[in-house]
Amino acid sequence: MFKNTPFEAIAKTMSESAPKLNPAAMQEALKPVQDNLKAWADLAQAQAKEAQAVLAESVESIKGAKDPQAAFEVFKASAEASMALFAKNLKAATSLSVDQFHSSVDAVEKAHPAPEAFAAVAKNLKAAASTAETTLGSALDKGASVAASVASATKTKKSAK
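Thresholds, definitions, all that
- Residues numbered from 1 in each chain as written.
- Predicted model: local features only at pLDDT ≥ 70, side-chain atom pairs only at ≥ 80, totals over all residues.
- Heavy atoms only, no water.
- Helix = DSSP H or I, 4+ residues; strand = E, 2+ residues; numbered from the N terminus.
- Expected span 1.5 Å × (residues − 1).
- Polar contact = N/O pair within 3.5 Å; in protein donor to acceptor, adjacent residues only side chain to side chain.
- pLDDT = per-residue confidence, 0-100.
- 1 Å grid on protein atoms, 1.4 Å probe; cavity = no way out; pocket = protein on both sides within 12 Å on 5 of 7 lines; lining within 4 Å.
- Points joined across faces, edges and corners; volume = space filled by probe spheres on them.
- Nonpolar A, V, L, I, M, F, W, Y, C, P; charged D, E, K, R; others polar.
- Contact = heavy atoms within 4.5 Å.
- Buried < 20%, exposed > 50% of the residue type's maximum accessible area, 1.4 Å probe, protein only.

1. Side note on helix α3 (residues 68-111)
Part 1: Taking 1.5 Å as the rise per residue, α3 with 44 residues should run 64 Å; its terminal C-alpha atoms sit 64 Å apart, in good agreement.
Part 2: N-cap assignment for α3: the residue whose side-chain oxygen lies 3.1 Å from the backbone N of Q69 is D67.

2. Looking at the confidence of the model for the protein chain
Part 1: In this model, the protein chain carries a mean pLDDT of 87, and residues with pLDDT of at least 70 account for 91%.
Part 2: Taken element by element, the predicted model of the protein chain shows its lowest mean pLDDT in helix α1 (residues 6-17) (80) and its highest in α3 (93).

3. Some details on the layout of surface pockets
Part 1: Quantified by volume, the largest pocket comes out at close to 290 Å³.
Part 2: In terms of lining, the largest pocket is formed by 13 residues, of which the most central are M83, A84, G143, A144 and A147.
Part 3: Contributions of two or more residues to the lining of the largest pocket are made by α3 and α4 (115-160).
Part 4: Sorting elements by how many residues they give to the lining of the largest pocket places α4 first, with seven residues.
Part 5: Here the residues of the lining of the largest pocket are counted per class, giving 11 nonpolar, one polar and one charged.

4. Considering the side chain of N89
Part 1: With respect to the helices and strands, N89 occurs in helix α3.
Part 2: For N89, the residues in contact, after removing those within four places along its chain, are Q47 and E50.

5. Observations concerning the environment of K31
Part 1: Mapped onto the fold, K31 is located in helix α2 (residues 23-63).
Part 2: The spacing of K31 and A46 is 15 residues in sequence and 22 Å in space, taken between C-alpha atoms.

6. Observations concerning the environment of G143
Part 1: With respect to the secondary-structure elements, G143 resides in helix α4.
Part 2: G143 gets classed as partly exposed once you look at its relative accessible area, which sits at 39%.

Right, dumping it as structure tokens:
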């Protein structure tokens, strides 16, 4: 009935495997994927709400500006708030990514035919991901402190005039 063409080979494999499919096992296997997607959706929704609140606050503040200097200060404060929010959101996204990466490595280790042989690799992979997360967090913190020092230096120069 089946010939040796790629399509027919796939059809044969599918027809032979169909009775062995277990919908409950498939759903259980997809649960981590669903959980990961939900975590990303929740994070995106929370970050969007927070960004919307910062934007609304900036719009309200600019409405109250009476002169160009006040408007400049509002824009500057808005930019600082936006940068802080960006850094916070990037850290949260990185943290979620690293947590999910760790979970994936744990799942691979658990399913590995020789988990004890994979344990050292898993440990190093997780350590590398955590180091990347820490490095990014440090870079964002350093960038924020540099921006703050530039802003305060600008204020000091204006005060001296």
